[in-house]
Structure formats: C-alpha cells, structure tokens
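Letter by letter, the chains look like this.
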Amino acid sequence: MFSRAVLLEQQEKLRRHVDEWRFRTRAALSELASGSGSPSPNPSAPCGPVRLRVAAADPAAAGAASLLLTAAAADDNVAVAKFVAVLAHSSVEISRFSDAASKGLYRQLLLFGHTAGDSGEALLEGEPQKMFARSIPLLLELYEVINGLVMILGNLLRQLDVICSVRDKNVRPLNSFRSLDLRTVFGSLGEGLTVFLLLDEILRHNGNVKSYLSLFSRMMSKVKSEVNIFGISVEDVDFLDQVVHNLQKIFDSGLFHRLLQVDSPLCSSIDLVRSNKKLLDAFYSCFVESSSEIILRIGSSKEFPLDRKTILHLVSLLLFFISATDETPDKKSMKLLTEMFQMVPVVYIEGGKRIVLSDLMKCYCPPELSSLPPIKEACEAFEIMKNNYLIHLNEVQSRDIQAINDALSCWSVSFQSAVHPSSQMLTEEWVRHLQKQILQGVVLADRIHLLVQSMLDLHMHLKVPLRREKAKTLCQMLVSLKSIGDLFRTRGSNIVRSLPHIINIIQSDIEQLIAPLKNKLQSEIAKVDQVSKTGFLSLLRRGSAEMETKLLDSLSLVLISLQLLEGSGSSRRQLTLSITVDILHSLGNLDVELCEVRKLLSKFRVLSNFQSLIDERTKCSFLYWRKEMLSTWLSMVYGDACKLSWLQNIIDAFSDGMSLLELGNVGPVALQSYEEDIENAVREEVVAPLCRDIETDLRLHVHSTHLKGAVVVNPTKTGVRNLSWYLRMKPLQLPFKFVDVKLLVENHLNSAFYTYSVMPNYDNKIYAEMHELGRLKYGVELDDFHLTVDALDQGFDLRRTIQRLDSFCEKYSYSIVKQMFIENDLDGQGRKNLRVLCVEHITSSTAMCTVQQISAALDAILVFLDRMLLDLDALLQSDPELDLLKNLKQLENTRVSNAHPAIQGELKVAFGKHGLGDHALDFLEQVQAIVTRIGNALGLMRILAAGCTRYTNSISRYARKSNYDLSYSTSCKALGMVDDIAEVGKMLDSEARNMEALDERIQTFAILVTYVSQKLQRNELNAMKDFFQIVPLLISSMVDHRLLHKDKLLRRAHEAKSAIHTYDGFVLGVAFVLKVLKQERSFDELNWFSSTKTQFDGETEDKDNQTDTSAARAAFTSLKLWRAAPSVRTEPQKSFDRGKRYQQEIELIECSLRLARTVLG
C-alpha cells in the first residue's frame, strides 16, 4: 500500500512538470503568433497547480483523483480536473469520518456506563475508573475522528473562501461561473459539522462519560505522585495524563463550541468565512433551495430515506454560519427553518437516540442571537410543535395503514416474482422492474420504521397514553418491517447477482441526459474555432476567447462525468459525479436536466447502498429503550390465534437490541439481563397462559361429562379458540436459545397430572381421562400415568444416600417394573404416607451433582456390593447348620409333600419336624436380608443410570451434532490459537473422556461380573459355591413371611409399622449372585418351580374329587336351611385356600426372577 502511494506521488510530480511545460509551450506559441519578443508565462495559467493529498491510508481516494486527472488530460484541461478532485477529496474524507462515527461511535458513547436494566444504582468504588480505562481506545478513536474532521473542514472552508473570493478573471474554471451552485460541497460540510453536534448531544445526555473521566483524572493525579508503587513507567503515565487532559478540555468546552473559539484550529478559516459575503450568499442560496425541495418531499411517498438526515445537516450548517458571523439569517431562511421544525421536530440517529431540533437551536446558537424574535419564537413554540407532530403522526398512521398494508402485499408478491430467476432475467425490462421493486422496498421500510419509532418514542416522551388499538396497529407495522427484512435476506443473493446490471441501467439513464450536452459543446467549440480562424469580427476576439474557455471547461466536466459513469457505483464516484454536476450547473449547463439528474443520483445512491439501508431500517434496536412493549404485544398476539405468526417477528425485533448492547460493549451482565427479560416475557405472556388455558379446557371437558350441569360453558360469551394452533408452531428462536412451546406445555401437563393425582382413587380416573383427552385433542405426548405418590416430602439427595447406603437399602424396597423405591414403614415419624422415590427424583438430584460426585457414588456402590458379598460368604461359612439345610433341601427334592409349607402349615413347623429350631430361621432371615440389600443396591445403580440418561436427554434436546469429529485441542491448533488456549482444549478433552467413561460405567453390569469372577478365581468366596441349593429355602421363607404380613393386615390389631414388602430387591439380589457365581444353570437343573407347581396341581385335583360327592346335598340343604346361620369353613378348606395363596406367590416370584435375570442380561 505504501509503495502504491509513493507511485502516485511520483505521478503527481510528473504531471506538474508536464503542466508547466505545456503552459510555457502555449505561451511561447502565443507570443510567436502575435509577433512579440520574449516569451512569458500565460497569466491565465495558475502559478502552482493544486496539489492533491495522496495518503497511503486511503489509496482508493487517490485513485479516483488520478482517474479525474487522466480523463481531463485527454482533453488537455488539467486545471478543471484538479478543481473537481480537490473538492471531491474533501467531501470523500468527511463522508469517511461520518460513516465511522455512525457505524459505532454514536452507539458506544450512548451506552457508555450503561448497566443491567439501567437501574441507576451506584457502582462499587473503583468500578467507574476501571470502566473508563477499558474505554480509552474508544475515546482515542473519538479524538482521532474529531481532529481529522477539524483538519478537513478547515481545508474545505478555505477552498470555499477561495472559490467565492477570487477576482482574477483568468482562474479556470472560476472565470466561467455564471452562478455558484455547490450544493454537494455544502452538504458534505454540513455532514461533518453534524458529527460534532451529535457527539455533543450524546455527551450532554449521557453524563457517565464526563463523570467517569473526572474520577479517572483524580486517580491519575494520585498515580503520578506514587509512580513507583504502581510499577508504571513515567512516560506511560505522562502520555495517559495528557490524553485525559485533552479529553477533559474538549468535553468541558463542547465539541461544536470549540470549533468557534479563538484558539480553535478553524479560527483562521472562520475569519475568512466571516469576511466573505459571496460565500455567505452562496450558503443561504443553497440552504433555501435544499430546504424547499426537502419540504416538498417530507411526509409524502416521494420522500427519500436520507432526507431527514439532510435536514440535520442543513440545521448544522445554519448554526455554524450563524455562530461564525454573529448575524441573524434572513426572513426566508427562518421561515423555511420554522416550517422544517413543524414538519420534522425530531430526528432519530443510530441507536434510537432522539435529536430535538429546537434543543440544538437553544444550546448551540449564540446567546445574543437566541433571544432574537425569529429564533426565540421558533424555540418557544416547539412544545406545541411536538404535540402537533404526534397528532399528525397518529392521523397519518390511521389514514395510511390500510394503504401501507396493500402496498406491502402487492410489493411482496411482485418482488418475489421479480427476484425469482427466469429466462428474461437479463433483459432491460426485467432489470428496470427489479430496480423499481428494490426502491419501493427501501421506501416502504423507511416509512414504516419512521412511524413506529417516532410514535413509540413521542408517546413516551410526551407522556401520552398509547391506546390498545394504536398499539396493535404499531405491532402489525413492526411485523411488516421484519417481514421486509426477511424477504430481502432470503432473496439477497439473487439481488446481488443482478446489482451490476441495475447500476449499469441507472448509469445509462444519467449518461443519456449528459451525453447530448457533449455533442452540443463540441459543435459550439467547432463553430468558435471556425470563427477564430476566419478572423471574422476580430473586435470580438476577446469575447470569443472567453466563450471558448467556458465551452472547453464545460466539455471537460462532461467528459469527467461520462468517465465516472463507466466505473462501479462506489460512494466516492457518486460524490465526485455529484460535485461535477453542480459545477456544470454553475457554468450555465444542465439547466433543464438538473432536477432529473439529481433525482437519478439520489436513486443511484439508494440502489448502491440498499443492503445497508435495509439493515438499518429493518433492525429494531431502538426497541431496547421500549422493553415494556414486549409484554404488551405478546399478550395481544396470544389473544388472537390468527396472528400467531407474529410471535417470531416480535421476538426478532426485540432481539435486535442485543446487537446494540454488543456494539456498546456493556458487558455480559447487561446482555444476560436483557436475555432474561425476553425469555421471561415469552414464558409469562405466551407459555404460562397457554398451559393454563389448555389445562382449564381439559378440566371443563372432563368435569362437564362426569358432573352434569356443574360446569356451564357458553361459547357465544367466552369465544372459541383452537388452542392446538399454538402447539403447531415451530420452536421460537431467541437470541441465545430455542423455546419449544409444545414441549413446555407437555412438561406442565405432566407435572400437573402427577401433582393433582395425589388424591382419592376417583380423581386418578379423572386425571387419566384428561391425560388421554390431551393426547387426542391437542396431540401432546404425555408421560405414562404412573403410581400415585402419597408423600409430602419427595426430596432425594444422592450424596446423603450414598453416605448412608446401609440404612437406605434396609429402609426401602426396590420395584423393577416401576423403576422406583418404596419405603418399608413409617418408622414412627408421625407421617401417614410412605415415601416413593422415582426416576424424576434421581434426575433432579443428578442435575445438582458433578461428574466426579456421580463417579464417586458408583464407586461407593461397588464397595458396598463387595462388602455384602464378603458378609454373605462369611455367614455361609460360619453357620454349623448349613449342611443340615442342604440335606433338608435334598430331602425336599425327593419328597416334596412331606416338607413343603403349603402342606405342613407354618414353615417353622416344617423345620421342627426335621429337628430345626429358631436358629435356622434366624440364619435364613440373615441371608435373605443380605441378598435383599444387594438387590436394592443394584436397583439404585440401575435407577441412577436411568436418571443420568434422562437428565442428559433433557439438557441436550436442542444440541446439534457437529459435522466434524475434532477434539478441542485439535480445533484450537487448526484455528491457530495460542498455546494457553490449546492447553485449555486438552483439559476439555480430558473431561469429555471422563464423561464417556462414566456413561459406560452406568450403562452395564459387566464390571461387577468381572470383578466377582476374579474373586472366585482367587478362591475368596469358597463358601458360596453351593449357594444355589439354599435358594428354594430362602424363597419358601420369603413367601411365608409375606403371607404372615398379609394376614396381620386383615386383623384390627395389626402393628402400625407393618407393611407389605416387595420381592424385587430380594429377587434381583438372588439373580445377581447366581449370575456372578455362574450357578444359574445349576439352579435351573433343580427344576424347583416346575416341581412345586406340579405338586400343587395334583393336590388341587384331590381336593376337588373329595368335595364333588357332597355338592348336591349341600345345595338342597342350603335351600331348606336358608334361615340358618352361614356355614363356617372347615380346616381342610382353610388349608386348601392357603395352598392356593402359596402357589400364587411362588408363581409371582418365578416371574420376578425371570425379569431380574433379563435385566442383568
């Protein structure tokens, strides 16, 4: 880039030598033709050509100037080209600084010191200084923009002074000016001055900048006095202190007022302006013409998107010239100013900042002039103007809303058809149609954006209540605005592909207006040359020379314009072309075509920048300052199901405030606060009412069926809404997440049905019907209707449970089918309900634990199982009656009827016949307790796996799997990040591997089987080699214990603590021990369940045969003795019923054992 700048500088030096040689050559030829003696320089040639500023930082601008010189050099008129190039360079530089301020500087200063929710709470001590220190780069950028603009504005003012004060008739092209029309140059001057006014207004309303600067300055004073303590070099402290001092000086005096002070860099330029009457007349003439044209367009369909900013530029220019000259403007200018104030009292800039034009006049107009009647009356009447303007906006909005909707609908259909590729895509007619559609879209977006922003802001500013109908209409306009933006983004690629053809068409239209002038000027120049050659009217030779010079200058400008129209549509070319057109008009050309050319230039500017204009108009970041409207509009839309499609557009509009906050560098706290505001509004105004209405609808439907007349519903009064439409919406996209309305409704109904079903049995049936009705009517996928939980406190703490694992396994019983733990008894705690722990409780507890804590819980369960197996082995090894029990089991295998409890009565009696007492029963109960604890521990591991899986699924519902399987460290290296970040990536990879290892541990029991098998190989569990032989005795003891508890429950004097225990924990423990000991096949070979069933079936047939003979007599006797007391069941009947109960319990245990073995795999 630097070499290019050097090359351009060398080219400029070469041009100066060529210019000098050409001028001297012409002068010598003139002297020879006139017969004079010594040659002298031509006085019409400038003594020193204007030197262009060629900077390495902006080679494109230098390239544009080089293009002008090259184009004009072909016509041998470098002076005109340089005149245009110098003015164009100043205008381009001003535009560049203004764009830099608009893109970020205004919004960053507007949000300087902004906190979450803008609560106004005082910051902690030191926080303002820290925030200011972080913003020093921003303030340095502000300082650079200000100084750059001051230099450019001073240069431009001096150029204008020279243009308007030259008395030398030989300076070209100034000697050919008929009138001075430099509207574009004055517009650029106003654009630069507007930057100072806007910065002053932002700093005036945001006092945080000056306040934090003052605090930081005090801190710097202390740092300077104690430099050695803080470890900062003296040079750095001095430099920072100088920067702070300069900023304080600028802010105290005001940026705009500083331009007019005596020590201002513009002081000399302002003195020139003050004494140049012609320049002042040119300015007021430009102000009147520009204001008159804009006033005719403002508020109509012909208004351009940039007209209101142009008004701000004109006001800035007027304030500057009033302050510089200390003179009151003429009556015509004041009348136009007052009329502009009435039509546009406020202007909005980037970030939604309101600029009140009357405040500009009050604050920046000199005091001695602000008290004059014209200015004073305009400022005093401004409050009335604002109210009238709001009334006018309401009238326009009410009057034109239908027309806007119709125009938007027609434009949308036409625009989509125009952008869609077709066989006629490259025809001129198609391109012109697309050009028209783009312009209409930009104008519609600008008009809607203006109405919505102005009405919302002025209603709040003037404290005028916003009626519901008006708010609903504004909501509709906001949705239309976002729809325009979505449509442009959807079709953007096709438009960009067609954009070169669109620009070429409009350049061709401008060229058709200018090209005839070229032919006309060439013919007139030829006539003048013919007259000069014939010597006709030699007395008028001087007049013909002036005419020839004017024609040559005009022709040079025309050639420059045509050359500019052959390139791209950059902003530099547009500014240069506009300046060239103004100079052509000043020379007396383009009188008829001027308005049309300027209109085409305005279209050219809009079309070449349509993407930035659409983004600026369709992004509703100004809604951040009107956050209260989000809840209002969401509730309105929810009340009308036909407008559900508006929800996403409304959320998108308010989400645009995130980009404003991010650009303002407000910090993560403010961003998070705004995110929560949006999410809470959606949940409170859409999700919560929808959940409530669907639940109410299901209740009314079911209760009106069960309770006739209890529920009266009148659709004519309450209305009818199809709530299922709300559930068919796509998930709402927030700036940071998705909100699935259907999923949230399903979660609410699941929670409600589960909570409200803790009632009597008839309520369970009603809620089950609601459950099914919700699935059929609304298509919601609800969880299965599970067991009622009769407990007041369902809290479950995984860490506390693991610490008291022995107590937990003894206190609770596991259910395989329901995947839950049921409390065994109330344990004298004054409660009336048993606790039930389901997967949901494990899931909620898992969410509060880290990966390390879950892994530690699994390790604790493994240790507990290891200890239980060792205890069981020690118990089986130490008991002396174990061999007797084995012999008893072998005897039962040969003679089941002699020992089975179902035949002999109580199990204790059966054991007594074989010489066993209470000690054997205690031994079996101890074995049964250990096996049950093993099963409960396994159940806890299984339900923990289910809880972890459910929690993982819930938090990763919207997670998208990456297309690339790269580790964090590999990705960091691929992106070229520093080593520290790569180390962090390695730590994340390690955590990810731990997660995968944890997932494998909780998904399988293979590790337990392998662990116990290794112990057997080391002969550490020798006593358990015959464990399968005592399993039938354990089952018999369990059945007898269960039936005994059931009998006690049927009595009145049963124990308060007694309850019915489940088999699942014991059965799961038996299945696990048999599996790890590899004794499943040995137990199956006992064939105990089938032999027991066969024996029971044979005994049932014997009982049936004995009762058949007495059946007939019992029937006849019962007919005669119908008044007698009911018969009493005999002992054989009781024994028979007890046998049936034993058979059912044993079949239940057999099914549970099969299920447990299936679960263990």
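A quick note: this is a predicted structure, and the numbers were derived from the prediction, not measured. (Residues numbered from 1 in each chain as written. Predicted model: local features only at pLDDT ≥ 70, side-chain atom pairs only at ≥ 80, totals over all residues. Heavy atoms only, no water.)

**Student:** Which parts of the structure should I look at to understand the overall build of the protein chain?
**Tutor:** Tallying secondary structure elements over the protein chain gives 50 helices and seven strands in all. Burial analysis of the protein chain (1161 residues in total) assigns 47% to the buried set. Accessible area for the protein chain stands at about 58,800 Å²; split by element, carbon and sulfur atoms hold 54% of it. (Helix = DSSP H or I, 4+ residues; strand = E, 2+ residues; numbered from the N terminus. Buried < 20%, exposed > 50% of the residue type's maximum accessible area, 1.4 Å probe, protein only. Areas by Shrake-Rupley, 256 points an atom, 1.4 Å probe, with all protein chains shown as cover.)

**Student:** What am I meant to see in the pairing of strand S6 (residues 820-823) here?
**Tutor:** In summary, the side chains of a regular strand alternate between the two faces of the sheet. Two elements, strand S5 (residues 812-815) and S6, share four bridges in a ladder whose sense is antiparallel. Each bridged residue has a counterpart across the sheet, and for Tyr814 the counterpart in S6 is Phe821. (Pairing = 2+ DSSP bridges.)

**Student:** Quick question: what am I supposed to make of the packing of aromatic side chains here?
**Tutor:** Each aromatic ring pair is described using two quantities: the centre-to-centre distance and the angle formed by the ring planes. Throughout the structure, instances matching the rule amount to 21 aromatic pairs. With centroids separated by 5.7 Å and ring planes inclined at 50°, the aromatic side chains of Phe112 and Tyr212 adopt a geometry described as tilted. Here Tyr212 lies in helix H7 (residues 208-225) and Phe112 lies in the loop between helix H3 (78-110) and helix H4 (127-134), a separation of 100 residues in the sequence. A connected cluster of aromatic rings, assembled from ring pairs, spans Phe186, Phe283, Tyr284, Phe287, Phe320 and Phe321. Stacked on the ring of Phe97, the Lys or Arg Arg96 has its end atom at 4.7 Å from the ring centre. The cationic tip of Lys643 hangs over the ring face of Trp646; the distance from NZ or CZ to the ring centre is 5.4 Å. (Phe/Tyr/Trp six-rings, centres within 6.5 Å; stacked < 30°, edge-to-face > 60°. Lys NZ or Arg CZ within 6 Å of the ring centre and 35° of its normal.)

**Student:** I would appreciate a short explanation of helix H13 (residues 307-325) in the present structure.
**Tutor:** An α-helical turn contains 3.6 residues, so any two residues separated by three or four positions project in the same direction. The end-to-end C-alpha distance of H13 is 27 Å, a good match for the 27 Å that 19 residues give at a rise of 1.5 Å each. Burial within H13 is extensive, with 17 of its 19 residues counted as buried. Remark: Asp326 follows H13 within two positions and exhibits a positive phi of approximately 55°. (Expected span 1.5 Å × (residues − 1).)

**Student:** In this structure, what is going on with H7? I would like to understand it.
**Tutor:** Along its 18 residues, H7 runs 26 Å from first to last C-alpha, staying within 8% of the 26 Å computed at 1.5 Å per residue. All buried positions along H7 are accounted for by Val209, Tyr212, Leu213, Phe216, Ser217, Met220 and Val223. Taken end-on, H7 shows its buried residues confined to a sector of 145°, consistent with a single buried face. Exposed side of H7, more than 90 degrees from the buried face: Arg218, Lys222 and Ser225 are the residues found there. Looking at the buried positions of H7, the neighbouring elements they touch are H3, H4, helix H5 (136-165), helix H6 (183-205), helix H8 (227-230) and helix H9 (234-253). (Arc of directions from axis to C-beta. Contact = heavy atoms within 4.5 Å.)

**Student:** Teacher, can you tell me more about the side chain of Asn824 here?
**Tutor:** Within the secondary structure layout, Asn824 lies in the loop between S6 and strand S7 (836-837). Assessed through its relative accessible area of 9%, Asn824 is described here as buried. For Asn824, the side chain forms a polar contact with the main-chain oxygen of Glu810, separated by 2.8 Å. In terms of polar contacts, Asn824 uses its side chain to reach the side chain of Ser813, at 2.4 Å. (Polar contact = N/O pair within 3.5 Å; in protein donor to acceptor, adjacent residues only side chain to side chain.)

**Student:** Can you help me understand the sheet that holds S5 in this one?
**Tutor:** Strand pairing in a sheet is mediated by backbone hydrogen bonds. Such pairs are either parallel or antiparallel. In space, the three strands of this open sheet follow the order S5-S6-S7, with antiparallel pairing throughout. Each edge of the sheet is formed by a strand with only one pairing partner; in this case those strands are S5 and S7. Where S6 and S7 come together, two bridges link them in antiparallel fashion. The residue bridging Ile822 from the neighbouring strand is Val836, located in S7.

**Student:** Explanation requested: the nonpolar core in the structure shown.
**Tutor:** Across soluble globular proteins, nonpolar side chains show a tendency to be buried alongside one another. Core analysis: the largest hydrophobic core is formed by 227 residues, its most contacted members being Phe186, Leu189, Trp633 and Ile650. Broken down by element, the residue count for this core peaks at 15 residues, all from H5. Setting aside chain neighbours within four positions, we find Ile650 in contact with Cys475, Val479, Leu630, Trp633, Leu634 and Val637. Counting residues in hydrophobic clusters, the runner-up holds 72 residues, among them Ile802, Ala857, Leu858 and Met941. (Core = buried A, V, L, I, M, F, W, Y, C linked by side-chain atoms within 4.5 Å.)

**Student:** Would you explain the packing of H6 against H13 in this entry?
**Tutor:** Geometrically, a packed helix pair is captured by the angle between its two axes and the distance between the axes. Viewed as axis vectors pointing N to C, H6 and H13 meet at an angle of 85°, and their least axial separation amounts to 7 Å. With respect to their mutual orientation, H6 and H13 come out roughly perpendicular. For the pair H6 and H13, the contacting residues are Phe186, Gly187, Leu189, Gly190, Glu191, Leu193, Thr194, Leu197 and Leu198 in the first and Leu312, His313, Ser316, Leu317, Leu319, Phe320 and Phe321 in the second. Residue composition of the contact of H6 with H13, by class: ten nonpolar, five polar and one charged. (Axes fitted to C-alpha atoms, helices over the stretch in contact; angles between N-to-C directions. Parallel < 35°, antiparallel > 145°, perpendicular 65-115°, else oblique. Nonpolar A, V, L, I, M, F, W, Y, C, P; charged D, E, K, R; others polar.)

**Student:** Looking at this structure, how should I read the pairing of S5?
**Tutor:** Residues of S5 alternate between two faces, with Tyr812 and Tyr814 on one and Ser813 and Ser815 on the opposite face, all of them buried. Count of turn residues in the S5/S6 antiparallel hairpin: four residues, of which Gln819 carries a positive phi of about 55°.

**Student:** What is the right way to read the packing of helix H20 (residues 468-490) against helix H26 (residues 628-638) from this model?
**Tutor:** One way to put it is that H20 packs onto H26 with a least axis distance of 10 Å and a crossing angle of 90°. One finds that H20 runs roughly perpendicular with respect to H26. Side by side, H20 and H26 meet where Arg468, Ala471, Lys472, Leu474, Cys475 and Leu478 of the first sit next to Met629, Trp633, Met636 and Val637 of the second. The class makeup of the residues in the contact of H20 with H26 is eight nonpolar, no polar and two charged.

**Student:** Honestly, the pattern of salt bridges in this entry has me stumped. Any pointers?
**Tutor:** Any two side chains of opposite charge can pair, so long as their charged atoms come close to each other. Following the criterion strictly, the structure yields 37 salt bridges and no others. Here Arg274 ties to Asp271 by a salt bridge, and the two come within 2.8 Å at their closest N and O atoms. With Arg274 and Asp271 both in helix H11 (residues 267-274), this residue pair falls three residues apart, about one helical turn. When its relative accessible area of 37% is taken as the criterion, Asp271 is described as partly exposed. A salt bridge links Lys627 to Asp677; the nearest nitrogen and oxygen atoms lie 4.0 Å apart. Placement of the pair is Lys627 in the loop between helix H25 (610-618) and H26 and Asp677 in helix H28 (residues 668-706), with a sequence separation of 50 residues. Taking the relative accessible area as the measure of exposure, Lys627 reaches 26% and is therefore partly exposed. (Salt bridge = Lys/Arg side-chain N within 4 Å of Asp/Glu carboxyl O.)

**Student:** What is the right way to read the environment of Leu661 from this model?
**Tutor:** Looking at the secondary structure, you find Leu661 in helix H27 (residues 646-663). For Leu661, a relative accessible area of 0% corresponds to the buried category. Through-space distance from the C-alpha of Leu661 to that of Tyr674 is 9.2 Å; in sequence the pair is 13 residues apart. Setting aside residues up to four positions removed in sequence, Leu661 forms contacts with Leu111, His114, Tyr624, Val666, Ala670, Leu671 and Tyr674.

**Student:** Where do I start with the confidence of the model for the protein chain in this structure?
**Tutor:** Interpretation of this model should avoid reading the predicted coordinates in detail wherever pLDDT is low. With 70% of its residues at a pLDDT of 70 or more, the protein chain has an overall mean of 75. At the low end of the mean pLDDT range in the protein chain sits helix H40 (residues 907-913), at 35; at the high end sits H6, at 92. Low confidence marks residues 28-65, where pLDDT is under 50. Its contacts with residues over four positions away, or in another chain, come to 43 contacts. Segment residues 889-917 is flagged for pLDDT under 50; beyond a separation of four residues in sequence, or across chains, it makes 50 contacts in the model. (pLDDT = per-residue confidence, 0-100.)

**Student:** Help me understand unusual backbone geometry in this model?
**Tutor:** For residues besides glycine, phi is generally negative; the peptide bonds are generally trans as well. Its identity as a non-glycine residue notwithstanding, Lys463 has a phi of 60°, on the positive side. With respect to the element layout, Lys463 can be found in the loop between helix H19 (428-461) and H20. Residue classification places Lys463 among the exposed residues on the basis of a relative accessible area of 75%. We note that Asn665 has phi near 55°; this positive angle belongs to a residue other than glycine. Within the secondary structure, Asn665 sits in the loop between H27 and H28.

**Student:** Would you mind going over the environment of Asp640 with me for this structure?
**Tutor:** On the secondary structure map, Asp640 appears in the loop between H26 and H27. A sequence separation of 81 residues divides Asp640 from Arg721, and the C-alpha atoms of the two residues are 8.4 Å apart. Excluding residues within four positions of it along the chain, Asp640 makes contact with Lys472 and Tyr726. Side-chain polar atoms of Asp640 contact the side chain of Lys643, separated by 2.7 Å.

**Student:** Would you explain a nonpolar patch on the surface in this entry?
**Tutor:** Among the surface-exposed residues, Ile229, Phe230 and Ile232 lie close enough to one another that they form a single nonpolar patch of about 300 Å² accessible area. The residue Ile232 is located in the loop between H8 and H9 in this model. For Ile232, a relative accessible area of 38% corresponds to the partly exposed category. (Patch = residues over 30% accessible without salt bridge, like charges linked within 9 Å, V, L, I, M, F, W, Y side chains within 5 Å.)

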